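Examining the three-dimensional arrangement
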Amino acid sequence: MVSTKSKKALQWKNTTDIMTARKLIDMGHLLPWNDGKVVVKVLGDEGSCELVRYIAARLGDRFSDRLAAEILVESLYAVLTASSSEKIMIAFLEDLFSSDEFENVTRHLVEISLGGEVGEDDLSKSVVSAAVALICEIGLNIQRIEDDEPGRIEKAKSLSDHIAAYLLSVSNTNVQAVRLSLLRYFSQTEYGHTAKTNYARLMGRFGHSIMESLFQQLFVKKSEKIAAQFLLENLPCALEGSSETQRILHETFKQHMFKESERFCLFMHELGTHVLSLGSEDRLCPAADSYARHLVALYKVTSDLGHKELGREVLQELHKFSRFGDCRQWIKSLETSLEIRRVFRDLAVDYRVKVVESGKGGKVVSQFRVSKRGRKPSLSKGDFGFLEQVMTLGEYEVRHSA
């Protein structure tokens, strides 16, 4: 009678403390999705961190038993989706990376996490979003460790290739949070590489829609900070990308420059400062060089549409790059190019003479970015974790023009 009562009591929905949760893990009990929120609430952040650490340890023991490993992995995602907490995910990652069976556990974790079909219901989308975010973070940490301590992780290259292959296998998804995780992953792993094969593949599949979503959120007050951070961190790789990627960026820049002129200009100046910081005093990095080319193209667009106010803003940004040889020539060409309207050629000359050469280069010629009350608006920026970035930005529904 006692054993029957104990058996009935030992269920996830009746969990009251971490010791019970650990016992359920040891007994191979699957944590159901609908019990995940209850367990996370009962255990709190600290207890939930301890639970996922315990799951990491048990994965080290049971990775070769497929069914046992699947139960552990599904229970892990029940906790992660219920909490949406980066702190809890990081707790799991810390113990995973300290495991003696890191390589074996990681390979099995990747295969179990990303090997199945993605359902259309909200739960399936939440789970795959958490799974892809976790696997991406594992891959990025492998790269960081290899950069700092080459050879510390055995078979790091093989593991990274394994992760990349599985991540690409889910890139056809329409789940926005997954797309953002993938874009972030490959923009960071392929930044600085001449060949951006995987990144180019992603941009070919959903580049237009993902950039449109990000820029729309950049101009919504509640998401401005997080969108700005994501774009500043990940656009440098896009700026280094293929001609198709540059076309996508140009169309996106051009559209939002006219739709959200004031806010776009604020972001344009932030992006310029950021990419300049990635180079050296005497040389632009490839992303900055590419960005300067985009600015030249945008100046031509302002000329085509006769928007002098925007033209001044673009000129001011371009002159931040004027100390670099090629950029100096590109800026100079705006004064004589027949593709530029006469009034805009004169505007380029006027800006150079009256602002740059007169030593007033820091002055904002246009009053475009000064509000009616005389306050100069600024672009809000934040410091958000990787999981919060992709989950928050992934919830947004793109507005389509009528």
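This text goes with the structure placed above it.
Residues numbered from 1 in each chain as written. Predicted model: local features only at pLDDT ≥ 70, side-chain atom pairs only at ≥ 80, totals over all residues. Heavy atoms only, no water.

So, the environment of E270
Relative to the helices and strands, E270 is located in helix α13 (residues 261-277). Here E270 falls in the partly exposed class, since its relative accessible area comes to 23%. In this structure, the C-alpha to C-alpha distance between E270 and D282, residues 12 residues apart in sequence, is 20 Å. (Helix = DSSP H or I, 4+ residues; strand = E, 2+ residues; numbered from the N terminus. Buried < 20%, exposed > 50% of the residue type's maximum accessible area, 1.4 Å probe, protein only.)

Considerations on the packing of aromatic side chains
If you walk through the whole model with that rule in mind, you get eight aromatic pairs. Ring centres 4.6 Å apart and planes at 35° place the aromatic pair F97 and F102 in the tilted group. For F97, a relative accessible area of 18% gives the class buried. Among the aromatic residues, those joined into a cluster by ring pairs are F215, F219, F253, F264 and F267. (Phe/Tyr/Trp six-rings, centres within 6.5 Å; stacked < 30°, edge-to-face > 60°.)

As for the nonpolar core
Grouped together as the largest cluster of nonpolar side chains are 129 residues, with contacts concentrated most on I138 and M211. If one sorts the elements of this core by residue count, helix α7 (residues 122-148) sits on top with 13 residues. Excluding residues within four positions of it along the chain, I138 makes contact with L93, L96, F97, F102, T106, L109 and I163. (Core = buried A, V, L, I, M, F, W, Y, C linked by side-chain atoms within 4.5 Å. Contact = heavy atoms within 4.5 Å.)

Quick word on unusual backbone geometry
Unusually for a residue other than glycine, S84 sits at a positive phi of about 50°. In the Ramachandran plot, K155 falls in the positive-phi region, its phi being about 60° despite a non-glycine side chain. Turning to its location among the elements, K155 is positioned in the loop between α7 and α8 (156-169).

Some details on the pattern of salt bridges
Two side chains of opposite charge can pair, provided their charged atoms sit close to one another. All told, the structure shown has 23 salt bridges when counted by the stated rule. We note a salt bridge from R53 to E94, for which the minimum N-O separation is 2.7 Å. Residue R53 is located in helix α3 (residues 33-62), and its partner E94 is located in helix α5 (residues 86-97); the two are separated by 41 residues in the primary sequence. With its nearest N and O atoms 2.3 Å apart, the salt bridge here joins R263 to E224. (Salt bridge = Lys/Arg side-chain N within 4 Å of Asp/Glu carboxyl O.)

A word on the packing of α7 against α8
Viewed as axis vectors pointing N to C, α7 and α8 meet at an angle of 155°, and their least axial separation amounts to 10 Å. In this view, α7 runs roughly antiparallel relative to α8, as classed from their interaxial angle. The two elements α7 and α8 cross, and the hand of that crossing is left-handed. Judged by residue contacts, V132, I135, C136, I138, G139, I142 and E146 of α7 engage A156, L159, S160, I163 and L167 from α8. Class assignment for the residues of the contact of α7 with α8 results in nine nonpolar, two polar and one charged. (Axes fitted to C-alpha atoms, helices over the stretch in contact; angles between N-to-C directions. Parallel < 35°, antiparallel > 145°, perpendicular 65-115°, else oblique. Left-handed = near helix turned anticlockwise from the far one by under 90°. Nonpolar A, V, L, I, M, F, W, Y, C, P; charged D, E, K, R; others polar.)

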